Amino acid sequence: MDMLRQERYAELIVRKGANVQKGQKVVVRADIGSAAFVRLVVKAAYDAGAAQVVMNWIDEAVTRMTYLRADDEVFKSVEPWRVQFFKDYDDAGACYIHIISDDPDLLAGVDSERIKNTAKSSGTALAEHRKAVMGNHVRWTIAGVPSKAWAMKVFPNLSDDEAVDALWDKIMESSRVEGDALAAWDEHDKVFKAKVDFMNESKFVSLHIKNSLGTDITMELPAGHYWKGGSDPAKDGVRFFPNIPTEEVFTLPNCYSVNGKVVASMPLVYNGVTIEDFELMFADGKVVSHKAEKNEAALTNILELDEGARMLGEVALVPHASPISQMNVLFNNTLYDENASCHFALGKAYPMIEGYDEMSKEEVDKLGINESITHVDFMFGTSDMQITGTTADGKQVPVFVNGNWA
């Protein structure tokens, strides 16, 4: 992968993703295996005027060792300094850049209770930071960089180096890095507007989603909800792209009004474990039954994190004709796979309701805005997906026909 493309990608992450402003602090989280690329991100952040770039390094090899060898109690709590770290940088108005290169099978064979306890303890301890992120009180972005383990999972028939190069190419292509990447993302942003405007102007009160894979599900949408896609304004008014790449238009369902079955169309990689061929049955908003052909225990653990983990917090629409879908590549990484497919998220909802900040906890709950310590996206989109919206006066409007926008 040539250096010029990587420099363009790093600049895109900084200037369009997090949209780093002059004098701002920046927190970068990444695996040590991505250090060479991360240095380009740090340089781009300083070139954009960052006051300070703070590294939050992880090491997947050490992470696996810890899960296999540490005492059980380690996974049941979070050190206070970790909570304080995010509080301090949230209060300072920092923005966050997360460079992911996760091995999809990192925690294969690890005791599932340890993974569950970690998710529960961190989700609880860092709830305020998650609220700041999901409420756009801080700017943040997630982007990917190949690791050898990830690349070999995606391209198992290639050599190590060939697989890494191939994954780099797909990441660059999906992230629209070729040529003038910043201008390309300005144009990409404009494409979302027509779809977002259509969904917001339609003011649907419910959606019915169905395909031949077995998904057949209905959901009400809360009063005052709105749809988003593309760039998003933070509370300070500065726009940013939370995900690079992004192809989705999304909102939140009324978490108490989801009924029917959803069948996953792609594997879900969750905390280093791959869950395959699974389905969920909903009644009055809650998952009442579930099954998976592979790693069902991991799926069960997600659902048992708290009460909200059994309900939906997001519905996202991605056409089958999206560029990432047309690559016909299973990335085994949610950031990319969710932008190739319609998806739901179990757990906490993004607060996409007019007047949310002035609402009481009781008002939020009455509208069906899901609260949880987790937010887990999973894909259900297919080429024959049919989505129908119903308006307040009972009119039924095609939203998706045969997997694409109607």
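Before reading on, note that the structure itself is shown above.
On a predicted model such as this, the values are computed, not experimentally measured, just so you know. (Residues numbered from 1 in each chain as written. Predicted model: local features only at pLDDT ≥ 70, side-chain atom pairs only at ≥ 80, totals over all residues. Heavy atoms only, no water.)

Enquirer: Tell me about the sheet that holds strand β18 (residues 375-379), residues and numbers included.
Expert: Strand order in the open sheet formed by 5 strands is β7-β11-β16-β17-β18, with antiparallel pairing between adjacent strands. If you trace the sheet from one side to the other, it starts and ends with β7 (228-229) and β18, each paired once. Across 2 bridges, β7 lies against strand β11 (residues 249-251) in antiparallel orientation. Looking across to β11, one finds that K228 is bridged to F250. (Pairing = 2+ DSSP bridges. Helix = DSSP H or I, 4+ residues; strand = E, 2+ residues; numbered from the N terminus.)

Enquirer: Break down the sheet that holds strand β10 (residues 243-244) for me, with residues and values.
Expert: Strand order in the open sheet formed by 5 strands is β2-β1-β3-β4-β10, with parallel pairing between adjacent strands. Bordering the open sheet on either side are β2 (52-58) and β10, each of which pairs with just one other strand. Judged from the 4 bridges that link them, strand β1 (residues 25-31) and strand β3 (residues 95-100) form a sheet pairing that is parallel. When the sheet's bridge partners are listed, R29 is paired in β3 with H98. Contacts from helix α1 (residues 3-18) reach β3, β4 (140-144) and β10 within the one sheet, and its direction differs from that of β4 by about 155°. (Contact = heavy atoms within 4.5 Å. Axes fitted to C-alpha atoms, helices over the stretch in contact; angles between N-to-C directions.)

Enquirer: Could you give me a rundown of the layout of surface pockets, with the residues and numbers involved?
Expert: Of the volumes computed, that of the second largest pocket is approximately 630 Å³. Around the second largest pocket, the lining comprises 29 residues; the ones closest to its centre are K131, K348, Y356, K361 and E371. Only α6 (127-134) and α13 (361-367) provide two or more residues apiece to the lining of the second largest pocket. Examining the composition of the lining of the second largest pocket, we find that 5 residues originate from one element, α6, more than from any other. Here the residues of the lining of the second largest pocket are counted per class, giving 12 nonpolar, 7 polar and 10 charged. (1 Å grid on protein atoms, 1.4 Å probe; cavity = no way out; pocket = protein on both sides within 12 Å on 5 of 7 lines; lining within 4 Å. Points joined across faces, edges and corners; volume = space filled by probe spheres on them. Nonpolar A, V, L, I, M, F, W, Y, C, P; charged D, E, K, R; others polar.)

Enquirer: I'd like to hear about the packing of aromatic side chains, residue by residue, with values.
Expert: Overall, the coordinates contain 17 aromatic pairs when judged by the stated rule. Taking the centre distance of 5.8 Å and the plane angle of 45° together, the rings of W150 and Y336 count as tilted. Of this pair, W150 sits in helix α7 (residues 148-154) while Y336 sits in helix α12 (residues 334-337); the two residues are 186 residues apart in sequence, bridging distant segments of the chain. (Phe/Tyr/Trp six-rings, centres within 6.5 Å; stacked < 30°, edge-to-face > 60°.)

Enquirer: Give a detailed account of α1, specifying residues and quantitative values.
Expert: Here α1 contains 16 residues, and its C-alpha end-to-end distance of 21 Å stays within 8% of the 22 Å for a straight helix at 1.5 Å per residue. Of all the residues in α1, the buried ones are R5, Q6, R8, Y9, A10, L12, I13, V14, K16, G17 and A18. Measuring from the side-chain oxygen of the N-cap residue of α1 to the backbone nitrogen of L4 gives 3.1 Å; that N-cap residue is D2. In the segment just after α1, N19 is the residue with positive phi, at about 50°. (Expected span 1.5 Å × (residues − 1). Buried < 20%, exposed > 50% of the residue type's maximum accessible area, 1.4 Å probe, protein only. Polar contact = N/O pair within 3.5 Å; in protein donor to acceptor, adjacent residues only side chain to side chain.)

Enquirer: Please set out the nonpolar core residue by residue, giving values where relevant.
Expert: Judged by nonpolar contacts, the single largest core of 52 residues is most densely connected at L317 and F344. Ranked by residues supplied to this core, first place goes to strand β14 (residues 273-283) with 5 residues. Setting aside residues no more than four positions away along its own chain, L317 makes contact with M199, W227, E247, E248, V249, C342, I387, V399, F400 and W405. Within the second largest apolar cluster, 50 residues are counted, among which are A48, I99, M327 and V329. (Core = buried A, V, L, I, M, F, W, Y, C linked by side-chain atoms within 4.5 Å.)

Enquirer: Describe the pattern of salt bridges, listing the residues and the values that go with them.
Expert: All chains considered together, the criterion is met by 23 salt bridges. Of the charged contacts in the structure, one is a salt bridge between D105 and K153, with a shortest N-O distance of 3.0 Å. Of this pair, D105 sits in the loop between β3 and α5 (112-125) while K153 sits in helix α7, and the two are 48 residues apart along the sequence. We classify D105 as partly exposed; its relative accessible area is 29%. Judged by its relative accessible area of 27%, K153 falls in the partly exposed class. Because the salt bridges share partners, they merge into one network encompassing R5, R8, D169 and E178. (Salt bridge = Lys/Arg side-chain N within 4 Å of Asp/Glu carboxyl O.)

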